[in-house]
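# Analysis of the macromolecular model
Listed here are the chains, written in short residue letters.
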Amino acid sequence: MLPTLRQRISPIKMIKKERRLIIAGNWKMNKTVAEALALVNGLKIEVGKVKELDIVVCPPFTALSEVSKAILDSNIRLGAQNMSENSFGAFTGEIAAGMLRELSVRHVILGHSERRQYQKESDELISKKALAAHATSLKPIVCVGETLAEREGGLTETVIETQVRGSLAGLSKEQMVETVVAYEPVWAIGTGKTATAAQAQEVHAFIRAILVSIFDDTVARRVRIQYGGSVKASNATELMALPDVDGALVGGAALDVRSFSDIIKNSIPN
Ligand code: PGA
């Protein structure tokens, strides 16, 4: 099956340069407002003027407002880590896309494996959130990835295809090109175990082939697919150089000025 898919996507690989890398930091449930400002002010000094790629930070909700103001005069963009599929109303504890837009949030991570695991988020719910995000001009970063048991059971392609088709269901072609897909093998998240370059490229190419089949070649070659899972300065250059890897979603290494800046600097295309 894979050689056929690789053949199908080979023309897309040739024009990778069309896609601008997007490096996003997923801070998860870390950083008080004061700590968030210290981090983002440090990032501004180190990489705030980088123009060769897109930089996004995704603080917890409580720090979005202050971080939003702090990055106004830089090239760093703001993302949230989740949002409701509903636009307003009696949904205690939830945050709507419009509330995020009011703070100049541009991206929103959806369907992170931790939310799939702990909040039992389904592909169907994630697709509703993705549609709600687009309706409010927020660009979703939709996460997919297999667990270790699924990989070892030979289920990687089945799981990825189900998640990609389900989580992106209902998106128009125009919405899809404004959507980022993040491939995050669950076994590589926070474990220090990174997918090898070959493993990452194989799944990224597979995801792009699925996008060809759902949408078309033109859409698939424009969609940016991030890799996530123990990305650090020492492996970023190799991963970002892969033909179908168009950025990174970084967790642990995004919590420190030095390590996140070094990932960005090491990812800048030559
Ligand atoms: P990690 O997390 O970089 O700490 O592995 C990545 C993520 O969960 O987005």
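Note that the structure is predicted; figures quoted are calculated from it, not measured.

Another aspect to go through is the overall build of the chain. Scanning the chain from N- to C-terminus turns up 13 helices and 8 strands. Here the C-alpha coordinates of the chain stretch approximately 50 × 45 × 35 Å along the principal axes. Classification of the 270 residues of the chain by burial places 52% in the buried group. Counted over contacts in the chain with a minimum sequence separation of 6, partners at least 24 positions apart contribute 75%.

Further remarks concern the site of the ligand. Around the ligand, a shell composed of 13 residues is seen, among which K28, H112, E184, G190 and S230 lie nearest. In the environment of the ligand, an oxygen atom lies 2.7 Å from a nitrogen or oxygen atom belonging to the side chain of E184. With respect to the ligand, the backbone of G252 contributes an N or O atom lying 2.8 Å from an oxygen atom. Protein burial of the ligand: of its 280 Å² of free accessible surface, 95% is covered by the chains. Here the residues of the shell around the ligand are counted per class, giving 4 nonpolar, 7 polar and 2 charged.

Interaxial distance between helix α12 (residues 233–240) and helix α13 (residues 257–267) falls to 8 Å at its minimum, and their mutual angle equals 30°. Taken together, the axes of α12 and α13 are roughly parallel relative to one another. The element α12 and its partner α13 pack so that their crossing is right-handed. Across from A233, A236, T237 and M240 in α12, the residues of α13 making contact are D262, I263, N266 and S267. For the contact of α12 with α13, the class distribution of residues is 4 nonpolar, 3 polar and 1 charged.

Take the side chain of R19 next. Inspection of the secondary structure puts R19 in the loop between α1 (2–14) and β1 (22–26). Within the structure, R19 has its side chain in polar contact with the backbone oxygen of P243 (distance 3.2 Å).

A few words now on the nonpolar core. The biggest cluster of nonpolar side chains holds 71 residues, and the ones touching the most others in it are I207 and L211. Per-element accounting of this core gives the leading share, 8 residues, to helix α10 (residues 197–214). Aside from chain neighbours lying at most four places away, what touches L211 is V164, L168, M176, D216, A220, V223 and I225. The next biggest cluster of nonpolar side chains, apart from the first, holds 10 residues, and it includes I22, V56, I109 and A182.

The next thing to look at is the pairing of strand β8 (residues 247–250). Burial along β8 is two-sided: the residues G247 and L249 and A248 and V250 are all buried. One crossover worth recording links strand β7 (residues 224–228) to the parallel β8 by way of α12, and it is right-handed.

Okay, the state of the cysteines next. Counted under the stated rule, the structure contains 0 disulfides. Free of any disulfide, C58 has its nearest neighbouring cysteine sulfur in C143, separated by 9.4 Å.

Tracing the backbone through its elements, the reader meets L242 in the loop between α12 and β8. Sequence separation of L242 and H204 is 38 residues, and the distance between their C-alpha atoms is 9.3 Å.

A few words on the packing of helix α2 (residues 33–47) against α13. Angle between the axes and distance between the axes: these two values describe a pair of packed helices. Two elements in contact, α2 and α13, have axes separated by 9 Å at closest approach and are oriented at 35°. The two elements α2 and α13 meet at a crossing, and its hand is right-handed. Contacts from A38, L39, G42, L43, E46 and V47 of α2 reach α13 at V257, R258, F260, S261, I264 and K265. Grouping the amino acids of the contact of α2 with α13 by side-chain chemistry returns 7 nonpolar, 2 polar and 3 charged.

When you line up the elements, V144 lands in strand β5 (residues 139–144). What makes V144 buried here is its relative accessible area of 3%. In sequence terms V144 and T162 are 18 residues apart; their C-alpha atoms lie 9.4 Å from each other. With near-sequence residues (within four places) excluded, V144 lies in contact with R116, I160, Q163, V164, V181, A182, Y183, E184 and I207.

Bringing the side chain of E184 into the picture now. As for its placement among the helices and strands, E184 is situated in the loop between β6 (180–183) and α10. The side chain of E184 sits in the buried core without any salt bridge; K28 is the nearest counter-charge, 6.4 Å away. Separated by 3.2 Å, the side chains of E184 and H112 make a polar contact. The residues touching E184, leaving out its near neighbours within four places in the chain, are H112, C143, V144, G145, E146, I189, G228, G229 and L249.

Calculation notes
- Residues numbered from 1 in each chain as written.
- Predicted model: local features only at pLDDT ≥ 70, side-chain atom pairs only at ≥ 80, totals over all residues.
- Heavy atoms only, no water.
- Helix = DSSP H or I, 4+ residues; strand = E, 2+ residues; numbered from the N terminus.
- Buried < 20%, exposed > 50% of the residue type's maximum accessible area, 1.4 Å probe, protein only.
- Contact = heavy atoms within 4.5 Å.
- Near = heavy atom within 4 Å.
- Polar contact = N/O pair within 3.5 Å; in protein donor to acceptor, adjacent residues only side chain to side chain.
- Areas by Shrake-Rupley, 256 points an atom, 1.4 Å probe, with all protein chains shown as cover.
- Nonpolar A, V, L, I, M, F, W, Y, C, P; charged D, E, K, R; others polar.
- Axes fitted to C-alpha atoms, helices over the stretch in contact; angles between N-to-C directions.
- Parallel < 35°, antiparallel > 145°, perpendicular 65-115°, else oblique.
- Left-handed = near helix turned anticlockwise from the far one by under 90°.
- Core = buried A, V, L, I, M, F, W, Y, C linked by side-chain atoms within 4.5 Å.
- Right-handed = clockwise from strand over helix to strand, strands pointing away.
- Disulfide = S-S within 2.5 Å.
- Lys, Arg positive; Asp, Glu negative; His and termini not counted.
- Salt bridge = Lys/Arg side-chain N within 4 Å of Asp/Glu carboxyl O.

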